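# Breakdown of the fold
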Amino acid sequence: MNYFPDEVLEHVFDFITSHKDRNSVSLVCKSWYKIERYSRQRVFIGNCYSISPERLIARFPGLKSLTLKGKPHFADFNLVPHDWGGFVYPWIKALAKSRIGLEELRLKRMVVSDESLELLSKSFVNFKSLVLVSCEGFTTDGLAAIAANCRGEVNLGALERLVSRSPNLKSLRLNRAVPLDTLQKLLMRAPQLVDLGIGSYVHDPFSEVYNKLKIAIQRCKSIRSLSGFLEVAPHCMSAIYPICGNLTFLNLSYAPGLHGNKLMKLIQHCRKLQRLWILDCIGDKGLGVVALTCKELQELRVFPSDPFGAGNAAVTEEGLVLVSAGCPKLNSLLYFCQQMTNAALITVAKNCPNFIRFRLCILDPIKPDPVTNQPLDEGFGAIVQSCKGLKRLSLSGLLTDQVFLYIGMYAEQLEMLSIAFAADSDKGMLYVLNGCKKLRKLEIRDCPFGDAALLEDVGKYETMRSLWMSSCEVTLGGCKSVAEKMPSLNVEIIDECEQMEFNLDDKQKVDKMYLYRTLVGHRKDAPEYVSIL
Amino acid sequence: MENSVAYEKATELRLGLPGIDEPAVLSSVKNNKRPLHDEKSGENGKSAQNETAPPSKAQIVGWPPVQSYRKNNFQQAKKSESECGGIYVKVSMDGAPYLRKIDLKVYKGYPELLQVLENMFKFTIGEYSEREGYKGSDYEPTYEDKDGDWMLVGDVPWEMFITSCKRLRIMKGSEARGLSCSGV
């Protein structure tokens, strides 16, 4: 029933940009579904195997921007074989054949062959933007098809000319191969830059180039985002100070050469910082400086500088407590640390009730609270109880079933949960599946969850995007059971050692299981070692 | 395809010896976890942890959950840093109004360093001998090493010196002579 002509509704829908809202709009009635689908320009597909390119094209003929995600998250940590899947080629091929005027393609954890890049560059007249996050499969030859000036070795002269011709250039990220005098020339030609990445920053502070660089940097008053410093001469960072006051994003997570006093001095200049990505060589003391200086901080990521090392220059619970006390706007955290205590987590929960993302990684995966020797159940329990808007949580340290009881009870908005080396029994998994109504992604490794937990409520998996379980106690028989009861799910067994071929015993424990909801049944591109039940 | 699987198996971080089936070894990791807080919680936690701790972190596949390009980057940065970073140390001279800084990596040995110091502060250093230190001058070059001790410049091999030197100080007068005197 429409009180307005379609054009009016379409105009109204133009203001609705969030995918979730658009999805809701399309469910109101047939007429709204039709209007919405013709007017939708941006589509997000969280699992490329949940739908086919043909159905996408049929439903959204006005598609301009497509986001696709492929491999499960644990692929980032080498738990998923490279050729498991997530190939973008069939999507590009189907889109190229159709009348879709694609302008933007955003891919995450997809396999992107040179062939697909070439096809992409030839097929869409108005194509503007390609964003690849954690993708693989291509070489510089493939990228050359997309960006004509970047072949193999960096051609510095061509780069300078490209920058000169690009008055709208907002983002420039350079790698190690770009020498300092080129950087200085580029900056002189692009004072309008918003996002700058510097590869190599090593030079003699008394040189002519350095002086020119200082002047060039000062002109770049629009820079809001700074990253890189793969190689860095710490005593030359003072040239950067003039632009630090404007920075909202600083990414020093590739700069182990920057630490101690020089790093702290740099941070002291960054009063407007909203996002900070840093290595743990900043230390608890450095985090104290962050707490005093960066009052606008919303997101903090502290990466390990030596993942397997003794951890001299690392951070502990102290640094996190300091930041939580000093930065009231903090809502997103990724924190790799040597240790954590319940008391610290309880304090952090009190200081920062606004967490949306809380990802804690204690480098020793089953380390208890070092002060009390207790599991970290109470600490994480405090986090979920206090942070009512929590959407993403990653746990670590010594944890029993108790923490999952808390999560099921309190984490009402939780959408993604990552668990490793935790829990005592099936009860842990059941608390989560029963309690977290908004759960979309659950990834579990090395936990004692078996068939009883897996099979308790198979209907739940249809309300989620995916479930990953590796090195748990689920058996082949259990997985088969899920597949039988739920034809709308693909239940994949990833068996790289090819044991399943020789031993089809249902009681056999499954090493890696990945299940996800889909509208298009079993995928046809799975490698030999993946069985879809 | 077969090749890539073989490659993966060959380079894969595994628990236990090659050729052993994965599940068997991994399950022993999980079993190790149980005793830790079932039986031994509250007792001497530290020793319990050492006894039943999982294999060293480097052997657990996919842990810590850091993307490989970050791990690789750190190795690379560590190497390149030691190749191209200078070793800048402060140089003070008794009586001088301000300090100077020099890059020890630039010099090939003691003679060059001492020459530079002489030029910088306009003084002369005496003749070095192992027995008596620097003779023939009121000044002695000294340095603070990693342990915080003040040492006479020239006693140890050059390479050892530049890695252990934290700062230089050119001492003057009687204090200087105290350092070089051997046993008198």
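Residues numbered from 1 in each chain as written. Chains lettered and ligands numbered in written order. Predicted model: local features only at pLDDT ≥ 70, side-chain atom pairs only at ≥ 80, totals over all residues. Heavy atoms only, no water.

## Focus on the overall build of chain A
Basically, it comes down to this: The way it works is that DSSP assigns letters per residue, a run of H or I at least four long becomes a helix, a run of E at least two long becomes a strand, and they are numbered from the N terminus. The globule rule used here is 2.2 Å times the number of residues to the 0.38 power, and the radius of gyration it is set against is calculated over C-alpha atoms. Here the term buried applies to any residue with accessible area under 20% of the maximum for its type, exposed to any over 50%, and partly exposed to those in between, with areas from a 1.4 Å probe on protein chains only. Here, residues are in contact when the closest pair of their heavy atoms is within 4.5 Å. A 1.4 Å probe and the Shrake-Rupley method give the accessible areas. Residues count as covered only by the protein chains that appear here.
Helix and strand counts for chain A stand at 21 helices and 19 strands. Taking 533 residues into account, the globule formula puts the C-alpha radius of gyration at 24 Å, and chain A, at 25 Å, falls close to it. Overall size of chain A, expressed as C-alpha extent along the three principal axes, is 70 × 65 × 60 Å. Burial status across chain A gives 56% buried among its 533 residues. Nonlocal contacts in chain A, meaning residues at least 24 apart in sequence, comprise 69% of its contacts between residues at least 6 apart. For chain A, the computed accessible surface area is about 22,700 Å², with 53% contributed by carbon and sulfur atoms.

## Comments concerning the UniProt feature "domain: F-box" (unreviewed entry) in chain A
Counted only if it meets this: UniProt positions are given in the numbering used here, feature names are shortened, and annotations may be inferred rather than shown by experiment.
Cross-referencing UniProt, the feature "domain: F-box" (unreviewed entry) maps to residues 4-45 of chain A in the present numbering. As annotated, residues 4-45 of chain A comprises 64% helix and 10% strand, and the C-alpha atoms at either end are separated by 31 Å.

## Topic: a negative patch on the surface
Residue and element names in this part refer to chain A. Stated formally: Like charges within 9 Å and nonpolar side chains (Val, Leu, Ile, Met, Phe, Trp, Tyr) within 5 Å are joined into patches, using only residues over 30% in relative accessible area that form no salt bridge. By definition here, a salt bridge exists when the distance from a side-chain nitrogen of Lys or Arg to a carboxyl oxygen of Asp or Glu is within 4 Å. Counted charges follow a simple rule, with Lys and Arg positive, Asp and Glu negative, and His plus the chain ends left uncounted. Where a charge lies is defined by one atom per residue type: Lys uses NZ, Arg uses CZ, Asp uses CG and Glu uses CD.
On the surface, Asp6, Glu7, Glu10 and Asp14 cluster together into a patch of negative charge. Tracing the chain through its elements places glutamate 7 in helix H1 (residues 6-14). Glutamate 7 gets classed as exposed once you look at its relative accessible area, which sits at 59%.

## Topic: the side chain of A:Gln184
All names here are of chain A. Here glutamine 184 shows up in helix H9 (residues 180-189). Owing to a relative accessible area of 9%, glutamine 184 belongs among the buried residues under this scheme. Once residues within four sequence positions are removed from consideration, glutamine 184 is found in contact with Lys212, Leu213 and Ala216.

## A short note on the pattern of salt bridges
Residue and element names in this part refer to chain A. Evaluated as defined, the whole model comprises 22 salt bridges over all chains. With a shortest N-O distance of 2.8 Å, glutamate 36 and arginine 22 are connected by a salt bridge. Taken together, the positions of glutamate 36 in helix H3 (residues 30-39) and arginine 22 in helix H2 (residues 19-26) put the pair 14 residues apart, joining distant regions of the chain. The exposure class of glutamate 36 is buried, given its relative accessible area of 1%.

## Quick word on the confidence of the model for chain B
Residues and elements named next belong to chain B. Test applied: Within a predicted model, pLDDT stands for the predictor's per-residue confidence, ranging from 0 to 100.
Looking at chain B as a whole, its pLDDT mean stands at 68, while 54% of the residues score no less than 70. Every residue in residues 1-7 scores below 50 in pLDDT, and together they form seven contacts with partners more than four places removed in sequence or on other chains. Here residues 15-57 scores under 50 on pLDDT; set against residues more than four positions off or in separate chains, the count is 61 contacts. For this predicted complex, the interface confidence comes out at an ipTM of 0.82, alongside a pTM of 0.75.

## A closer look at unusual backbone geometry
Comment: phi is negative for the bulk of residues other than glycine, and the bulk of peptide bonds are trans. A cis amide bond links B:Trp63 with the next residue in sequence, B:Pro64, at an omega value of -5 degrees. Relative to the helices and strands, B:Pro64 is located in the loop between helix H3 (45-52) and helix H4 (68-84). A positive phi angle, near 65 degrees, is found at A:Asn373, a position not held by glycine. With respect to the helices, strands and loops of the structure, A:Asn373 is situated in the loop between strand E12 (357-362) and helix H16 (377-386). If you check the backbone angles, A:Ala423 has positive phi at about 75 degrees while not being a glycine.

## Here's the deal with the domain arrangement of chain A
Many descriptions give the size of an interface as the accessible area lost when the pieces come together. Filter applied, for reference: Domain start and stop positions are those given by an automatic or database domain assignment.
Along its sequence, chain A is organised into domain 1 (41-144), domain 2 (155-234) and domain 3 (465-532). Measuring from the centre of the C-alpha atoms in domain 1 of chain A to the corresponding centre in domain 2 of chain A gives 31 Å.

## Quick look at helix H10 (residues 208-219) of chain A
Residues and elements named next belong to chain A. Condition: Expected helix span is taken as 1.5 Å per residue step, with the number of steps being one fewer than the number of residues. This arc describes the spread of directions from the helix axis toward the C-beta atoms.
Given a rise of 1.5 Å per residue, 12 residues ought to cover 16 Å, and the 17 Å separating the end C-alpha atoms of H10 matches this to within 8%. Within the sequence span of H10, burial applies to Tyr210, Leu213, Ala216 and Ile217. For H10, the buried positions fall inside an angular range of 120 degrees around the axis, keeping them on one side. Structural note: H10 exposes Glu208 and Ile215 on the side pointing more than 90 degrees away from its buried face. Where H10 is buried, its residues contact H9, strand E6 (195-201) and helix H11 (241-244).

## Section: the packing of H16(A) against helix H17 (residues 401-410) of chain A
Residues and elements named next belong to chain A. Spelled out, the test is: Convention adopted: a line fitted to C-alpha atoms gives each axis, helices being fitted over their contacting stretch, and angles between N-to-C directions are expressed from 0 to 180 degrees. Roughly parallel means an angle under 35 degrees; roughly antiparallel means over 145; roughly perpendicular covers 65 to 115; every other angle is labelled oblique. By the convention adopted, Pro, Cys, Tyr, Trp, Phe, Met, Ile, Leu, Val and Ala count as nonpolar, Lys, Arg, Asp and Glu as charged, and the other residues, Gly among them, as polar.
Close contact between H16 and H17 brings their axes to 9 Å; oriented N to C, the two are set at 5 degrees. When the axes of H16 and H17 are compared, the pair comes out roughly parallel. For the pair H16 and H17, contact is made by Asp377, Glu378, Phe380, Gly381, Val384 and Gln385 and by Gln402, Val403, Tyr406, Ile407 and Tyr410, respectively. Grouping the amino acids of the contact of H16 with H17 by side-chain chemistry returns six nonpolar, three polar and two charged.

## What to know about the sheet that holds strand E5 (residues 139-144) of chain B
Residues and elements named next belong to chain B. Spelled out, the test is: If DSSP finds at least two bridges between two strands, the strands pair.
Spatial strand order, E2-E1-E7-E5-E6: five strands in an open sheet with mixed pairing. Either end of the sheet is taken by a strand with one partner, and the two such strands are strand E2 (100-103) and strand E6 (150-152). Between one strand axis and the next, the sheet turns by 35 degrees as a mean value, whatever way the strands run. The strands that helix H5 (residues 110-121) touches are strand E1 (88-93), E2, E5 and strand E7 (167-172); relative to E2, the one it contacts most, it runs at about 155 degrees.

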